[in-house]
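Here is what each chain is made of, one letter per residue.
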Amino acid sequence: MPKAYVFTRYGGPETEALVEQDRPSPGPGQILVAVRAAGVNPVDWKQRTGYRRPGVPEPELPVVFGNEVAGVVEEVGADVAGFGPGDEVFGNPVAGGYARYTLLPVAVTAHKPAQLSFTDAAALPVAAATAYDGIRQLDLPSGATVLITGAGGGVGVAAAQIARAFGLRVVGVASDAKKDFVESIGAVHVPSGAGLAERVRAAAPDGVDAVFDLVGGEVLEAAATLLADRTKLITGADRETVARLGGVPVARARTAAVLDEVAQLVVDGKLRPFVTRTFPLDRAGEALRTVEDGHARGKIVIEVSA
C-alpha cells in the first residue's frame, strides 16, 4: 500500500508516524495526483499542535502533513476540465501532501511548466504564493522601500525576490548567519534582535514605505514604529498583534491564477525557489524538524520516487 506521513493526535513530534494509506479517489472538482515532491512549511508542524486557519473545520485524525505538492495526474473526478492523466501539476492538496498520492482541487492547481522541476514547483504554492499575495496587497509604486522581517525563511526569500521583480527596494531582517544569503537576493540586510528599529533607520534613512512581517511578536511591534501609514503593515505570522497595531494579515488569494503568475516568475528568472535541502518520504520527520527548529534557509522539500 502507498505510504503517507501523518500525525495521529495533537502534540509534538512523538505524534508523527509513517503509515500505509489507501489510494484516495477524486471527488467532483478534484484530481488524483501521484506526488513527486511536497514542500515543507512552518504551518505543517503548527497544524500538528492544533492550529487551524480561521474558518477551517477540525480535521479527522490521523492527518496527513503537507500543504503544497507537485506531481502527475493519475485520475480526474467529475466536473473537471483542463486536466487529464499524465499532466504535470502543482498546487494545494485537499488533505495533506507528504504521501505517494493526494487529491488536489482544480481551483488551486496549475499546470507545471516544463522548465520547472517537480522539486522547485512543490516549493511554490504556499511560501511563494503567500509572498506574491502580500506584495500585491501592499500595492507599492516602483522605487518604494519595503521592509521584510524573517527575510531568510521560505516566504521571506520569495517576497524579497518578488518585490525586486516589481521594482521595489528591499530591506530584509534576518539573523547575522543569513546575511550573505539575504544580500544574494538583492536585499539590504539588517540583523535581527534588540535595537531593530534603529538599525533599519540607519539602513534606510529615507524611511520604509511598507512592512511585510513574517515573524510577529516583538519584531512586528518594532517594525510597526517605522511606519506612518499602518495600512501598509501586513503580517503572515501574527494576526492578533497586527490588528492591535492597525495593520492586517496577508490576504491570500488561493487561486490557480496566482500559481501561474508565480511559476512564470520562476521561468523568467525573476524568482528562485531556493530549495536548500531535500529528503525522501521515509525521512519526512527529519525534514519537518529542519523547519520546526527555525534555522532553515530557503525551502525544504520532500521528494517522492516515481
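Preceding this paragraph is the structure being described.
Residues numbered from 1 in each chain as written. Predicted model: local features only at pLDDT ≥ 70, side-chain atom pairs only at ≥ 80, totals over all residues. Heavy atoms only, no water.

*Asks:* How would you explain the packing of helix α3 (residues 124-138) against helix α9 (residues 256-267) if you had to name every residue and give the values?
*Replies:* It is the contact of α3 with α9, at a shortest axis distance of 10 Å, that shows an interaxial angle of 95°. In terms of orientation, α3 and α9 fall into the roughly perpendicular class. When α3 is examined against α9, the residues Leu124, Pro125, Ala128, Ala129, Tyr132 and Asp133 are found in contact with a partner set consisting of Val258, Leu259, Glu261, Val262, Ala263, Leu265 and Val266. (Axes fitted to C-alpha atoms, helices over the stretch in contact; angles between N-to-C directions. Helix = DSSP H or I, 4+ residues; strand = E, 2+ residues; numbered from the N terminus. Parallel < 35°, antiparallel > 145°, perpendicular 65-115°, else oblique. Contact = heavy atoms within 4.5 Å.)

*Asks:* Before we move on, could you go through the sheet that holds strand β2 (residues 16-20) and cite the residues and values that matter?
*Replies:* Across the sheet, which stays open at both edges, the three strands sit in the order β2-β1-β4 with antiparallel pairing between neighbours. Strands at the two margins of the open sheet, each flanked by one partner only, are β2 and β4 (63-64). (Pairing = 2+ DSSP bridges.)

*Asks:* Describe in detail the packing of aromatic side chains, supporting the description with residues and values.
*Replies:* Here the structure, examined in full by the defined rule, presents six aromatic pairs. Ring centres 5.6 Å apart and planes at 25° place the aromatic pair tyrosine 5 and phenylalanine 65 in the stacked group. On the criterion of sequence distance, the pair formed by tyrosine 5 in strand β1 (residues 3-7) and phenylalanine 65 in the loop between β4 and β5 (69-76) is long-range, its members being 60 residues apart. The two residues tyrosine 5 and phenylalanine 65 agree in class, both being buried. Geometrically, the ring pair formed by phenylalanine 7 and tyrosine 10 is tilted, given 5.8 Å between the ring centres and 45° between the ring planes. Looking at tyrosine 10, the relative accessible area reads 29%, which means it is partly exposed. (Phe/Tyr/Trp six-rings, centres within 6.5 Å; stacked < 30°, edge-to-face > 60°. Buried < 20%, exposed > 50% of the residue type's maximum accessible area, 1.4 Å probe, protein only.)

*Asks:* Quick one: what's the story with the sheet that holds strand β12 (residues 210-213), residue by residue and with numbers?
*Replies:* Judged by pairing direction, the sheet is parallel, and its six strands sit side by side in the order β11-β10-β9-β12-β13-β14 without closing on themselves. Each end of this open sheet is capped by a strand with a single partner; those strands are β11 (188-191) and β14 (248-249). In this structure, strand β10 (residues 169-174) lies alongside β11, joined through four bridges in parallel fashion. Counted as the bridge partner of alanine 174 is proline 191 from β11. Packing of helix α4 (residues 154-165) onto the sheet brings it into contact with β9 (145-149), β10 and β12, and relative to β9 it is tilted by some 170°. Taken strand by strand, helix α6 (residues 196-203) contacts β9, β10 and β11, and its axis lies near 155° from that of β11.

*Asks:* Let's hear about the pattern of salt bridges: which residues, and what values?
*Replies:* Two side chains bearing opposite charge may form a pair once their charged atoms approach each other closely. If you walk through the whole model with that rule in mind, you get twelve salt bridges. For glutamate 20, the salt bridge is made with lysine 3, and the minimal N-O distance between the two is 3.8 Å. Here the residue glutamate 20 occupies a position in strand β2, and lysine 3 occupies one in strand β1, the gap between them amounting to 17 residues. According to the relative accessible area criterion, lysine 3 is partly exposed, its value standing at 31%. We note a salt bridge from arginine 252 to aspartate 133, for which the minimum N-O separation is 2.7 Å. (Salt bridge = Lys/Arg side-chain N within 4 Å of Asp/Glu carboxyl O.)

*Asks:* For unusual backbone geometry, give the residues involved together with the corresponding values.
*Replies:* Peptide bonds are, in most cases, trans, and in most cases residues other than glycine have a negative phi. Of note, the amide linkage connecting leucine 61 to proline 62 takes the cis form, showing an omega dihedral of -5°. Here proline 62 lies in the loop between α1 (42-48) and β4. Of note, aspartate 139 is a non-glycine position whose phi angle comes to about 50°, a positive value. Residue position: aspartate 139 is located in the loop between α3 and β9. Relative accessible area serves as the criterion here: at 59%, aspartate 139 is assigned to the exposed category. Even without a glycine there, the phi angle at arginine 254 is positive, about 50°. Of note, arginine 254 is situated in the loop between β14 and α9.

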